[in-house]
Amino acid sequence: MKNEFQNYLESSKYVDYENALVRKQADLLKSHSETEEGLVRDTYYFVRDKISHSWDVQDRRVTVSASDVLKEGVGICWAKANLLAALLRANGVPAGFSYQRLTLLDTPDAGYCIHALNTVYLSSLHKWIRLDARGNTEKIQAAYSTEEEKLAFQIRPQYGEYDYRDNHAYPSEKLMKVLEQNSDAIYMYQNLLPDTLELA
């Protein structure tokens, strides 16, 4: 499996699972899980529920790498996806990144943004699944599932939304640079995300 999934197991600048804090959390999650599927499920719910989404809690801190997100306990979806990938990779589970183009708010009038989620390979099931650890709200109800995807957002083609259904080993450099060049998550969310963030 190492050769086939090598890129999806690497530690990197943004998926920095060699960081001591990330490694400690990964070890803790593994110690409470008896199966691969249990480990993936518990890791997913940790990132979804224990790490706040910046917009939901109106937190201005900008986090980028997995260790940043874990240390600060907050991040937008791009950053939270880095943490989920890092925690899974640290325990030998291949994990990557997938993207969607969504309206920033409820209608196209406010513009569009790129939403990040994760791909995960379950060797016990011999397949990739997608998990969305953005964080739930009253309207957003994502969950762990190995069958039907239970993502944060349903694509609405009539509004110009679409699902790339991609599987990247590394997070988008373009999106990471946006995070690195900003220090106010709320300003970034309101002013930089709409209509400026096509992946290509």
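Above this text sits the structure in question.
Values in this document were obtained by computation on a predicted structure and should not be read as measured data.

Enquirer: Sorry if this is basic, but what is going on with the pairing of strand 3 (residues 95-103) here?
Expert: Note on strand geometry: in a regular strand, side chains alternate between the two faces of the sheet. Counting buried positions along strand 3 gives nine out of nine residues, so the element sits mostly inside the fold. With burial as the criterion, each face of strand 3 is covered, one bearing Ala95, Phe97, Tyr99, Arg101 and Thr103 and the other bearing Gly96, Ser98, Gln100 and Leu102. Across nine bridges, strand 3 lies against strand 4 (residues 112-122) in antiparallel orientation. Along strand 4, the bridge assignment pairs Ala95 with Val120. For strand 3 and strand 6 (residues 162-163), the ladder comprises two bridges, and the chain directions are antiparallel. Within strand 6, the residue paired with Arg101 across the bridge is Tyr162.

Enquirer: I tried to follow the pattern of salt bridges on my own but got confused; where do I start?
Expert: Under the definition given, this model contains 13 salt bridges. The partner of Glu180 in a salt bridge is Lys13, with the nearest N and O atoms 3.0 Å apart. Of the two residues, Glu180 is situated in helix 7 (residues 173-180) and Lys13 in the loop between helix 1 (2-5) and helix 2 (20-31); the sequence distance between them amounts to 167 residues. Overall, Glu180 belongs to the partly exposed group, its relative accessible area being 37%. The class of Lys13 is exposed, set by a relative accessible area of 57%. Ionic pairing is found between Arg165 and Asp163, a salt bridge with its closest N-O pair at 3.7 Å. In this structure, a network of salt bridges that share partners links the residues Arg130, Glu149, Asp163 and Arg165.

So, how was this worked out
- Residues numbered from 1 in each chain as written.
- Predicted model: local features only at pLDDT ≥ 70, side-chain atom pairs only at ≥ 80, totals over all residues.
- Heavy atoms only, no water.
- Buried < 20%, exposed > 50% of the residue type's maximum accessible area, 1.4 Å probe, protein only.
- Helix = DSSP H or I, 4+ residues; strand = E, 2+ residues; numbered from the N terminus.
- Pairing = 2+ DSSP bridges.
- Salt bridge = Lys/Arg side-chain N within 4 Å of Asp/Glu carboxyl O.

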